Amino acid sequence: MKLSYAASSLFLAVSSSVSAFTIHHTNTITNVHRHAFAISSHHRRRPNRSLSPLQMSDAVETTTATTEKKGETFEFQAEVGRVMDIIINSLYSDKDIFLRELVSNAADACDKKRFLSVTADDESGVDTSPPEIRIKADVENQVIVIEDSGVGMTRDELINNLGRIAQSGTKNFMEALGEGSADVNLIGQFGVGFYSAYLIADKVEVITKSMQAGSPQLRWESDSGSSFTISDATDADPIEGSGTRLILHVKDDAMQYLESGKLEELLNRYSEFIEFPISLWKESTEYEKVPDEEANKDLAEGEEPKMKTVPVTKSEFTPMNTQKPIWLRPPKEVTEEEYKEFYKAAFRASYDEPQKWTHFKLEGQVECKALLYIPGMLPFELSKDMFDEDSRNIRLYVKRVFINDKFEDIMPRWLKFIKGVVDSDDLPLNVSREILQKSKVLNIINKRLVRKSLDMFRELAEDEDSSKYIMFWNNFGKYLKVGVIEDDKNKSELVPLLRFFSSKSGEEYTSFDKYIEGMPEGQKSIYYVTGEGRKNAMLQPVIEKLTSRGYEVLLMTEPLDEITIEAIRDYKDFKIVDATKEGLDLEDDAETKKEKEELTEKYRDICEYLEVELKGLVQKVTVSTLLTDSPAALVQGAYGVSPTMQRYMKAQSVASGGIGNLGSMNQAVLEINPKHPIVKDLEKMIEKDKESDETRTFAMLMYDVASMTGGYEVADAGAFAKRVMSLMTIKAKDDVAGDEVAAEQTDTKSDDDKDDKPVEPEVVA
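Predicted model, so just to flag it, every value in this text is computed and none were measured.

Hey, could you run me through helix 16 (residues 559-568) in this one?
For an α-helix, the turn length of 3.6 residues means that residues three or four places apart are oriented alike. Among the residues of helix 16, D561, E562, T564, I565 and I568 are the ones counted as buried. What you see down the axis of helix 16 is that its buried residues fit within an arc of 165°, all on one side. Directly after helix 16, the chain includes R569, whose backbone phi takes a positive value near 70°.

Now the structure itself:
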């Protein structure tokens, strides 16, 4: 707490008989008393020194009281009744948050008591016992009791603070909510946290005793109707020292909150890092060893008595918030083991150890403390859907109070895998604290979180142990690719972190920087090809020519890779070129270009023949000098889509109810290798009889091979099988005919041998 704020609070508290409530207006504090049951205390602003304390007369103007035997009954303001109806029925989307609000307000009361205890005179009679919070569910009486030993309240404070939702602006608040056009973006601007109790209760009692010396114990009660009653609470269990006891009479449809297990779950979710001790009344079973009377009946003297284990059920207050908020401590004071244990406990990741973390504090325009982690493995919920909406990655706290973990704008979605906590008093939330409003503050925090995340990635990439970054990339590389596509502001920082396989890297990854380091002299572009997996990508015919020149080729093996690489276009003055696109220019010399022109003219007839036979399958047929071992290759036009992406788009079309027909997008350009024997054979066949079925089959098979090696699908598998069978049949007939000829020649030769054999003379005795 800053000294100027503390001094102001103390001065104002003394001058108007210390109050337990604070109500904040948009940018100033209209009532400088702190509200032990209002949201406002979670979002402090410096008090305006020119404001005077609220006087009791202000409250009398807006409430009417009637004296009864048991106490005084006050009417709520007309606007307050309508606003309370909105709060109870529509403001909060989740009933669970009632406990978060009430425990947070109790913690504020404890916080003020601690401050006033430090500054109080020893002889003032002010209660200075350590503050704590206790919660107990009474199933039999259908009530939940939340008690704190905080600052407590006087009668005047009960009237002023629990009888009105805000000291000013209530009517405007109600009208704004009704119209849906208000900017209610400050925590506690209207001080409605206490009334969240009515989400699960149809009646609320408040037993309180102020820490001021001689203060009586009072009772405030209301059934959320049009009035509330204040009376002496001498008949209630006495509050030791000072504090406030909330008694919630639970509705019939909220009986689940009477279970200690449910309350424990909510405390662990929302209030595990509250500064003051929180205890929950719960039942536990322990096992004790006691003498076994039956077994010890015949026990001889001197023998050790036999024991048995029996269950013993105990009901007692059990500490809840034993976990310490390490993000509030200086990083130098936190050990590596503490960081790991906090990660496992806070994110329920018992079997995972964080790979890296960063702990920092943001100062200046915005004050914020944060702790970010890179998980050691891909979280289970992200393994099925990389942007799973139910995934909880960043936990937002305000003064140690958990607010939410589903804020979409606090981190970009490509950092969905980063886990961490952010604690800031400056975050603008709506009045129910469940929705984060867009603002300059949020943008500042967002930028810092992204920058710190990128710093962690770079540190892993630069680590001497390269296996660390490989493990990170295998787990989360696809998120960085999405970042390149979606985040233009940070694209330049992400591109050096990308990793791909290449024609030279084998089983290892390579980066753009490593690729450039290995470029031969004269290479002026970075080349890549696409394919499903490394083996299929390496089958691309165009790789032959590039590798023959010593060029390395990056392999884009996933649909996401192609989208990512299209978003980059160049890196460090080098253009990034798809080697499978038509018109690949390797900047050949004039002699090579002249040779290509001559070959194009020479093989014009074969190109025209193929264009006719493959009409509807290819856009055109051209001669290429880039191929070496392949007879032909399919390449896309300048604006074409790779076969991998075509399959992906087709699947998406079918999934959305389409027929998966991409039309002319599937028509590539066929490039032929004029120096290949197959192309030369085809040329001879065309010259001999271009109308024959054999020539057509031969041409189509060459196209089929080019399709498969290029990663395209064979559209008609049956027709392809027939063409292969036809070729096999021709080959088989040729082989059979050859064998028959050889056999006849062998038989003829045998007969000739017989005829030529000399006859031996017969010997006559």
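Alright, that's what it looks like, and here's the rest.
How should the pattern of salt bridges be read in this particular structure?
Charged atoms that come close allow side chains of opposite charge to pair. Across all of its chains, the model carries 40 salt bridges by this definition. When the shortest N-O distance is used, the salt bridge between K314 and E286 registers 3.3 Å. Remark: E286 occurs in strand 11 (residues 278-291) and K314 occurs in strand 12 (residues 307-319); sequence separation between them is 28 residues. Given a relative accessible area of 31%, K314 falls into the partly exposed group. Put simply, E353 and K344 hold a salt bridge, and the shortest N to O gap is 3.7 Å. For E353, a relative accessible area of 41% gives the class partly exposed. What emerges from the salt-bridge pattern is a single network uniting D96, K262, E265 and R269.

Can you help me understand the pairing of strand 14 (residues 368-374) in this one?
The side chains of a regular strand alternate, residue by residue, between the two faces of the sheet. Taken across its seven residues, strand 14 has six buried, putting it largely inside the fold. Bridging between strand 13 (residues 356-362) and strand 14 involves seven bridges; their strand directions are antiparallel. From the neighbouring strand, T358 faces strand 14, where its bridge partner is L372. Following strand 13, the chain reverses through five residues before pairing antiparallel with strand 14; G364 in that reversal takes a positive phi of roughly 120°. As paired strands, strand 14 and strand 17 (residues 419-423) are joined by five bridges and run antiparallel to one another. Of the residues in strand 17, the one forming a bridge with A370 is V422.

Looking at this structure, I do not really get unusual backbone geometry. What am I missing?
Across residues other than glycine, the phi torsion is negative in most instances, and most of the peptide bonds are trans. One non-glycine residue, R569, lies in positive phi territory at about 70°. Relative to the helices and strands, R569 resides in the loop between helix 16 and strand 21 (570-571). Despite not being glycine, K572 has its phi angle at roughly 50°, a positive value. Here K572 is to be found in the loop between strand 21 and strand 22 (574-578).

When you look at the nonpolar core in this model, what are you seeing that I'm missing?
In a soluble, globular protein the nonpolar side chains are often hidden away together inside. Core analysis: the largest hydrophobic core is formed by 130 residues, its most contacted members being I144, F457 and F512. Core analysis: the second largest hydrophobic core is formed by 26 residues, M700, M702, Y703 and A706 among them.

Mind showing me how you'd approach the confidence of the model for the chain here?
Per-residue pLDDT for the chain averages 77, and the proportion of residues at 70 or more is 74%. Note that pLDDT drops below 50 for residues 166-173; the model gives that stretch 21 contacts with residues more than four away or on any other chain. This model gives residues 180-191 a pLDDT under 50, and the stretch forms 42 contacts once residues within four places in sequence are excluded.

Teacher, can you tell me more about the environment of E75 here?
When you line up the elements, E75 lands in strand 4 (residues 72-75). Taking the C-alpha atoms as reference, E75 lies 4.2 Å from S227; in sequence the two are 152 residues apart.

Hey, could you run me through the sheet that holds strand 18 (residues 501-502) in this one?
Either a parallel or an antiparallel arrangement is found when strands of a sheet pair, and the pairing is made through backbone hydrogen bonds. With mixed pairing, five strands are arranged side by side in an open sheet as 18-20-19-22-21. Of all the strands in the sheet, just strand 18 and strand 21 have a single pairing partner and so form its edges. When strand 21 meets strand 22, the two strands line up antiparallel, connected through two bridges. Each residue of the ladder has a partner; that of Y571, found in strand 22, is F574.

Which parts of the structure should I look at to understand the packing of helix 18 (residues 604-613) against helix 20 (residues 677-689)?
The relative placement of two packed helices is expressed as an angle between their axes plus a distance between the axes. Running from N to C, helix 18 and helix 20 point in directions that differ by 80°, and their axes come no closer than 10 Å. Between helix 18 and helix 20, the crossing angle belongs to the class labelled roughly perpendicular. Every residue of helix 20 that contacts helix 18 at I606, Y609 and L610 is listed here: V679, L682, E683 and I686. Counted by class, the contact of helix 18 with helix 20 contains six nonpolar, no polar and one charged residues.

Sorry, what's going on with the sheet that holds strand 13 here?
Taken in spatial order, the five strands of this open sheet run 13-14-17-15-16, and their pairing is mixed. Each edge of the open sheet carries a strand with a single partner, namely strand 13 and strand 16 (401-404). With direction set aside, neighbouring strand axes in the sheet form an average angle of 20°. Across three bridges, the pairing between strand 15 (residues 394-398) and strand 16 is antiparallel. The residue bridging L396 from the neighbouring strand is N404, located in strand 16.

I keep staring at the environment of T358 and nothing clicks. Help me out?
Inspection of the secondary structure assignment puts T358 in strand 13. Under the relative-accessibility criterion, T358 is labelled buried at 13%. For T358, the contacting residues outside a window of four places in its chain are A370, L371, L372, K452 and M456.

I'm lost on the packing of helix 20 against helix 21 (residues 693-709) in this one. Help?
Interaxial distance between helix 20 and helix 21 falls to 10 Å at its minimum, and their mutual angle equals 155°. Between helix 20 and helix 21, the crossing angle belongs to the class labelled roughly antiparallel. In terms of crossing hand, the pair formed by helix 20 and helix 21 is left-handed. Where helix 20 approaches helix 21, its residues I678, V679, D681, L682, M685, I686 and D689 are matched on the opposing element by E694, T695, F698, A699 and M702. Residue classes in the contact of helix 20 with helix 21 are distributed as eight nonpolar, one polar and three charged.

Reading the values: the criteria
- Residues numbered from 1 in each chain as written.
- Predicted model: local features only at pLDDT ≥ 70, side-chain atom pairs only at ≥ 80, totals over all residues.
- Heavy atoms only, no water.
- Buried < 20%, exposed > 50% of the residue type's maximum accessible area, 1.4 Å probe, protein only.
- Helix = DSSP H or I, 4+ residues; strand = E, 2+ residues; numbered from the N terminus.
- Arc of directions from axis to C-beta.
- Salt bridge = Lys/Arg side-chain N within 4 Å of Asp/Glu carboxyl O.
- Pairing = 2+ DSSP bridges.
- Core = buried A, V, L, I, M, F, W, Y, C linked by side-chain atoms within 4.5 Å.
- pLDDT = per-residue confidence, 0-100.
- Contact = heavy atoms within 4.5 Å.
- Axes fitted to C-alpha atoms, helices over the stretch in contact; angles between N-to-C directions.
- Parallel < 35°, antiparallel > 145°, perpendicular 65-115°, else oblique.
- Nonpolar A, V, L, I, M, F, W, Y, C, P; charged D, E, K, R; others polar.
- Left-handed = near helix turned anticlockwise from the far one by under 90°.

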